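# Inside the fold
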Amino acid sequence: IEDGFPAASPDDLAAVRAIAEQVGGAGDAPIICALARAARSDIDKAWEGVQRAARPRIHTFLATSELHMQHKLRMTRGEVLARVAEMVAYARSLCEDVEFSPEDATRSEPAFLYEVLEAAIRAGATTLNIPDTVGYATPEELGALIAGIRERVPGAKDVILSVHCHDDLGLATANTLAGIAAGAGQV
């Protein structure tokens, strides 16, 4: 259960903490996950929110499409790679279960995306979530992307692959099914 974004507000943090304790507190409880930008302060808040869960997870993200890197983040590819490695490793130092998402993955250049995902795995990511952030992909494209990640990213077969599909083009369900068919174990 990804139950919130604790850095967004004190109320979000309180809600995540309450869900972690009340829903995620028992040994047979579901994973309780909190979302965090790839920044130490966000990751600290996420950990503060989920740390009392029996099965906590931190989910951190950073954009990887050329458009987002240039205009939203104002970061180079090298800076993005370094930030992903640093922040996934930091999250992993707090929590054994770390999910990483390359925001705008479906519009990212595949070779660079593979490089970022490999860095996330090396830094300790246990789940790679591939978001279709702007609902841009078709089922064939998303399925090929997931298959490509499984085939070309060292260590990808040893982590959970996940898809997160937006419905801008009315294809979220079809894309989700294509992701499952290509090997995604979480949707």
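Here's a quick rundown of the structure. (Residues numbered from 1 in each chain as written. Predicted model: local features only at pLDDT ≥ 70, side-chain atom pairs only at ≥ 80, totals over all residues. Heavy atoms only, no water.)

## Structural notes on the overall build of the protein chain
Broken down by element type, the protein chain carries seven helices and five strands. In terms of overall size, the protein chain behaves like a compact globule, its C-alpha atoms giving a radius of gyration of 16 Å where 187 residues would be expected to give roughly 16 Å. Relative to its full complement of 187 residues, the protein chain shows a buried share of 49%. Accessible surface computed for the protein chain: about 8500 Å², of which carbon and sulfur atoms make up 52%. (Helix = DSSP H or I, 4+ residues; strand = E, 2+ residues; numbered from the N terminus. Rg over C-alpha atoms; globule rule 2.2 N^0.38 Å. Buried < 20%, exposed > 50% of the residue type's maximum accessible area, 1.4 Å probe, protein only. Areas by Shrake-Rupley, 256 points an atom, 1.4 Å probe, with all protein chains shown as cover.)

## Quick look at the environment of Trp 47
Looking at the element boundaries, Trp 47 is found in helix H2 (residues 40-50). Once residues lying within four places of it in the same chain are set aside, the contact partners of Trp 47 are Pro 56, Ile 58, Leu 94 and Cys 95. (Contact = heavy atoms within 4.5 Å.)

## Points about the sheet that holds strand E3 (residues 98-103)
With parallel pairing, the five strands of this open sheet are ordered in space as E1-E2-E3-E4-E5. Every other strand in the sheet has two partners, leaving strand E1 (32-37) and strand E5 (160-165) as the edge strands with one partner each. Recorded for the sheet is a direction-independent mean angle of 25° between the axes of neighbouring strands. With six bridges connecting them, E1 and strand E2 (residues 56-63) associate as parallel partners. (Pairing = 2+ DSSP bridges. Axes fitted to C-alpha atoms, helices over the stretch in contact; angles between N-to-C directions.)

## Let's talk about the side chain of Glu 103
By the element assignment, Glu 103 lies in strand E3. For Glu 103, the residues in contact, after removing those within four places along its chain, are Phe 61, Leu 62, Ala 63, Thr 64, Ser 65, His 68, Lys 72, Ser 108, Pro 131 and Thr 133.

## Remarks on a nonpolar patch on the surface
Nonpolar side chains collect at one region of the surface, where Leu 177, Ile 180 and Val 187 lie side by side and expose about 290 Å² of accessible area between them. With respect to the helices and strands, Leu 177 occurs in helix H7 (residues 172-181). Among the residues examined, Leu 177 registers a relative accessible area of 52% and is labelled exposed. (Patch = residues over 30% accessible without salt bridge, like charges linked within 9 Å, V, L, I, M, F, W, Y side chains within 5 Å. Salt bridge = Lys/Arg side-chain N within 4 Å of Asp/Glu carboxyl O.)

## Here we look at the pairing of strand E4 (residues 127-132)
Counting buried residues in E4 gives six out of six residues, a clear majority hidden from the surface. Side chains Thr 127, Asn 129 and Pro 131 project from E4 onto one buried face, and the interleaved Leu 128, Ile 130 and Asp 132 project onto a second face that is buried too. The sheet contact formed by E3 and E4 spans two bridges and is parallel. Its bridge partner being in E4, Glu 99 is matched across the sheet by Thr 127. One crossover worth recording links E3 to the parallel E4 by way of helix H5 (residues 110-123), and it is right-handed. Looking at chain direction, E4 and E5 are connected through six bridges and run parallel. Bridge pairing in E5 links Ile 130 to Val 163. Crossover handedness for the path E4 to helix H6 (residues 139-152) to E5: right-handed. (Right-handed = clockwise from strand over helix to strand, strands pointing away.)

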